[in-house]
Amino acid sequence: MYAIFVVGGKQYRAQAGDVLYVEKLEGEAGTEVVFDQVLIAGDKIGQPYIESAKVTGTIEKQGLGKKIVVFKYKSKKNERKKQGHRQAYTKVTVKEVIA
């Protein structure tokens, strides 16, 4: 059985045993997390969420993604701006889906 749930404004599809990279969550490695904003679980569809459904998982690690270079340039104005960004993420292993 799979579920579609919301974390950090984004929707994820997961089954038991899946590994997900989600927006940064509070907690250290080994901490258990519960996602209760479930949109779809099995054959149930929420309006917008399913009250009794939840997805549980374990935080594997906190980390930063690959560097993205942001370069802004205005032609003929000698205007240039170079920035870098690394998005924070949390690696989560899904334990079970409760519908």
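Predicted model, so just to flag it, every value in this text is computed and none were measured. (Residues numbered from 1 in each chain as written. Predicted model: local features only at pLDDT ≥ 70, side-chain atom pairs only at ≥ 80, totals over all residues. Heavy atoms only, no water.)

Our next topic: the overall build of the protein chain. A count of helical and extended segments in the protein chain gives 0 helices and 10 strands. Listed N to C, the secondary structure of the protein chain is β-β-β-β-β-β-β-β-β-β in terms of helices and strands. For 99 residues, the compact-globule estimate of 2.2 N^0.38 gives 13 Å, and the C-alpha radius of gyration of the protein chain, at 18 Å, exceeds that figure by more than 25%. Dimensions along the principal axes, computed over C-alpha positions, put the protein chain at roughly 60 × 30 × 20 Å. Nonlocal contacts in the protein chain, meaning residues at least 24 apart in sequence, comprise 60% of its contacts between residues at least 6 apart. Carbon and sulfur atoms provide 49% of the accessible area of the protein chain, an area that totals close to 7000 Å². Taking the average place of the 18 positive charges on the side chains of the protein chain and the average place of its 11 negative ones, the gap between the two points comes to 18 Å. (Helix = DSSP H or I, 4+ residues; strand = E, 2+ residues; numbered from the N terminus. Rg over C-alpha atoms; globule rule 2.2 N^0.38 Å. Contact = heavy atoms within 4.5 Å. Areas by Shrake-Rupley, 256 points an atom, 1.4 Å probe, with all protein chains shown as cover. Lys, Arg positive; Asp, Glu negative; His and termini not counted. Charge placed at Lys NZ, Arg CZ, Asp CG, Glu CD.)

Spatial ordering of the open sheet is given by 3-10-7-4, a layout of 4 strands whose pairing is antiparallel. Unpaired on one side and paired on the other, strand 3 (19–23) and strand 4 (32–35) mark the two borders of the sheet. This sheet shows a mean twist of 45° between the axes of neighbouring strands, independent of strand direction. When strand 4 meets strand 7 (residues 54–64), the two strands line up antiparallel, connected through 4 bridges. Bridge pairing in strand 7 links valine 34 to threonine 56. (Pairing = 2+ DSSP bridges. Axes fitted to C-alpha atoms, helices over the stretch in contact; angles between N-to-C directions.)

Overall, antiparallel pairing links the 4 strands, which are arranged 2-1-5-6 in an open sheet. Each having just a single partner strand, strand 2 (10–15) and strand 6 (44–45) make up the two edges of the open sheet. In the sheet, strand 5 (residues 38–41) pairs with strand 6 via 2 bridges, with the strands oriented antiparallel. Residue pairing in the sheet places isoleucine 40 in a bridge with isoleucine 45 of strand 6.

Another point: the nonpolar core. As a rule of thumb, soluble globular proteins bury nonpolar side chains together. If you look at the biggest cluster of nonpolar residues, it comprises 19 residues, and the most contacted ones within it are Phe5, Val7, Leu20, Val22, Phe35, Val38 and Val55. Of all the secondary-structure elements, those providing two or more residues to this core are strand 1 (2–7), strand 2, strand 3, strand 4, strand 5, strand 7 and strand 10 (88–98). With sequence-adjacent residues up to four places away left out, valine 38 is seen in contact with Ala3, Ile4, Phe5, Pro48, Tyr49, Ile50, Ala53, Lys54 and Val55. (Core = buried A, V, L, I, M, F, W, Y, C linked by side-chain atoms within 4.5 Å. Buried < 20%, exposed > 50% of the residue type's maximum accessible area, 1.4 Å probe, protein only.)

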